[in-house]
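# Architecture and fold: a report
Below, each chain spelled out in residue letters.
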Amino acid sequence: DTAVSQTPKYLVTQMGNDKSIKCEQNLGHDTMYWYKQDSKKFLKIMFSYNNKELIINETVPNRFSPKSPDKAHLNLHINSLELGDSAVYFCASSRQGQGAYGYTFGSGTRLTVV
Amino acid sequence: GEDVEQSLFLSVREGDSSVINCTYTDSSSTYLYWYKQEPGAGLQLLTYIFSNMDMKQDQRLTVLLNKKDKHLSLRIADTQTGDSAIYFCAESGYNKLIFGAGTRLAVHP
């Protein structure tokens, strides 16, 4: 069983389109995250949700809108895609924000905007 | 501010030890982590250390923590070609992980 699963794994789309990435975790964690990894492999937090409530929004453009319908899901919708949005997006989950076991990451969604 | 720094590249011969270094800024971090990312893959938690520990050993991995200098290191003994990957140091911030830029480890015969 996959602990944190993201779909799709690859996404190629044109500038200006709207797209969504889905994330689900079956670990019973109460906190979920979106991270962005740029072309230089630098990883940065975008959003954090705890029990469906937004707790971190790291100055991400409002074209990015996370939605958490329940504790096990955190989806990422992106409007009006730009070339600079091309990156690998990782979903993650954890227990109560941090802990000895760290965070469990999904395998990533590679978004390419052309 | 939040900043985790790592050297970007390390090349070692198969069978040698690898040491990857990291410095962090937040002295209140409860845990410090090492993650491994293989090409095209996600992030795998390798090991972690609690902030009141100086050292942690887990098979071929040894983590050293110097809280005074805010320095963390990961030593991989008997490095194998399968250890080739990017290694990320991370500190636990408020409800998030703060990552370094990653160290690309290349293992050659």
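Notes on the structure in this doc start here. (Residues numbered from 1 in each chain as written. Chains lettered and ligands numbered in written order. Predicted model: local features only at pLDDT ≥ 70, side-chain atom pairs only at ≥ 80, totals over all residues. Heavy atoms only, no water.)

### Some thoughts on the interface of chain B and chain A
On the side of chain A, 25 residues touch chain B, which itself brings 23 residues to the contact. Here chain B meets chain A over a buried area of about 1,800 Å², counting both sides, of which 57% is carbon and sulfur. Contact with chain A buries surface across chain B, with B:L43, B:N95 and B:K96 losing the most and accounting together for 29% of the total. The partner of B:K96 in a salt bridge is A:E58, and the shortest N-O contact between them spans 3.0 Å. Across the chain B-chain A interface, the total number found is five residue pairs in polar contact (both at pLDDT 80 or more). Secondary structure elements with two or more residues in the side of chain B that touches chain A: β4 (31-37), β5 (43-50), β9 (85-93) and β10 (96-99) of chain B. Taken together, the residues of the side of chain B that touches chain A sort by class into 13 nonpolar, eight polar and two charged. (Contact = heavy atoms within 4.5 Å. Buried area = accessible area lost by both parts, 1.4 Å probe. Salt bridge = Lys/Arg side-chain N within 4 Å of Asp/Glu carboxyl O. Polar contact = N/O pair within 3.5 Å; in protein donor to acceptor, adjacent residues only side chain to side chain. Helix = DSSP H or I, 4+ residues; strand = E, 2+ residues; numbered from the N terminus. Nonpolar A, V, L, I, M, F, W, Y, C, P; charged D, E, K, R; others polar.)

### Brief notes about the pattern of salt bridges
By the definition in use, this model includes seven salt bridges over all chains. Notably, a salt bridge pairs B:K36 with B:E38, separated by 3.3 Å at the nearest N-O pair. With relative accessibility at 9%, the residue B:K36 sits in the buried group. Three or more residues are tied together by salt bridges with common partners; here these are A:K44, A:E58 and B:K96. (Buried < 20%, exposed > 50% of the residue type's maximum accessible area, 1.4 Å probe, protein only.)

### Some remarks on the state of the cysteines
Scanning the entire structure with this criterion turns up two disulfides over all chains. With a sulfur-sulfur separation of 1.8 Å, A:C23 is cross-linked through a disulfide to A:C91. Torsion about the S-S bond of the A:C23 and A:C91 cystine: about -80°, corresponding to left-handed handedness. Here A:C23, found in strand β3 (residues 19-25), pairs with A:C91, found in strand β9 (residues 87-94); they are 68 residues apart in sequence, far enough to count as distant. Overall, the relative accessible area of 1% leaves A:C23 in the buried class. The side chain of B:C22 participates in a disulfide bridge whose partner is B:C89; the two sulfur atoms lie 1.9 Å from each other. The S-S bond linking B:C22 to B:C89 shows a torsion near -60°; that makes this disulfide left-handed. Remark: B:C89 occurs in strand β9 and B:C22 occurs in strand β3 (residues 18-23); sequence separation between them is 67 residues. Assessed through its relative accessible area of 1%, B:C22 is described here as buried. (Disulfide = S-S within 2.5 Å.)

### Focus: the environment of A:S86
All names here are of chain A. For S86, the location among the structural elements is in the loop between β8 (73-78) and β9. We classify S86 as partly exposed; its relative accessible area is 28%. Put simply, S86 and C23 are 63 residues apart on the chain and 18 Å apart in space, counted from C-alpha to C-alpha. If sequence neighbours within four positions are ignored, S86 has contacts with L111, T112 and V113.

### Structural notes on the packing of aromatic side chains
For any pair of aromatic rings, geometry is given as the distance between the ring centres together with the angle between the planes. Inspection of every chain in the model, using the stated rule, returns 14 aromatic pairs over all chains. Consider the rings of A:Y35 and A:F105, whose centres lie 5.6 Å apart with planes at 55°: the pair is tilted. Residue A:Y35 is located in strand β4 (residues 31-37), and its partner A:F105 is located in strand β10 (residues 104-105); the two are separated by 70 residues in the primary sequence. On the basis of relative accessible area, A:F105 is assigned to the buried category, the value being 8%. Arranged with centres 6.0 Å apart and planes meeting at 70°, the rings of A:F105 and B:F99 form a pair that is edge-to-face. Taken as a pair, A:F105 in strand β10 and B:F99 in strand β10 lie in two separate chains rather than in one. Here the aromatic residues A:Y33, A:Y35, A:F90, A:Y103, A:F105, B:Y31, B:Y33, B:Y35, B:Y48, B:F50, B:F88 and B:F99 are joined through ring pairs into a cluster of three or more. (Phe/Tyr/Trp six-rings, centres within 6.5 Å; stacked < 30°, edge-to-face > 60°.)

### Here's the deal with the layout of surface pockets
Taken as a whole, the largest pocket spans an internal volume of roughly 260 Å³. Looking at the largest pocket, it is lined by 20 residues, and the ones nearest its centre are A:R110, B:E38, B:P39, B:G40 and B:A41. Here the residues of the lining of the largest pocket sort into eight nonpolar, seven polar and five charged. By volume, the second largest pocket amounts to about 200 Å³. Lining the second largest pocket are 13 residues, and of these A:K36, A:K44, A:I45, A:M46 and A:V60 lie nearest its centre. Broken down by class, the residue content of the lining of the second largest pocket amounts to six nonpolar, one polar and six charged. (1 Å grid on protein atoms, 1.4 Å probe; cavity = no way out; pocket = protein on both sides within 12 Å on 5 of 7 lines; lining within 4 Å. Points joined across faces, edges and corners; volume = space filled by probe spheres on them.)

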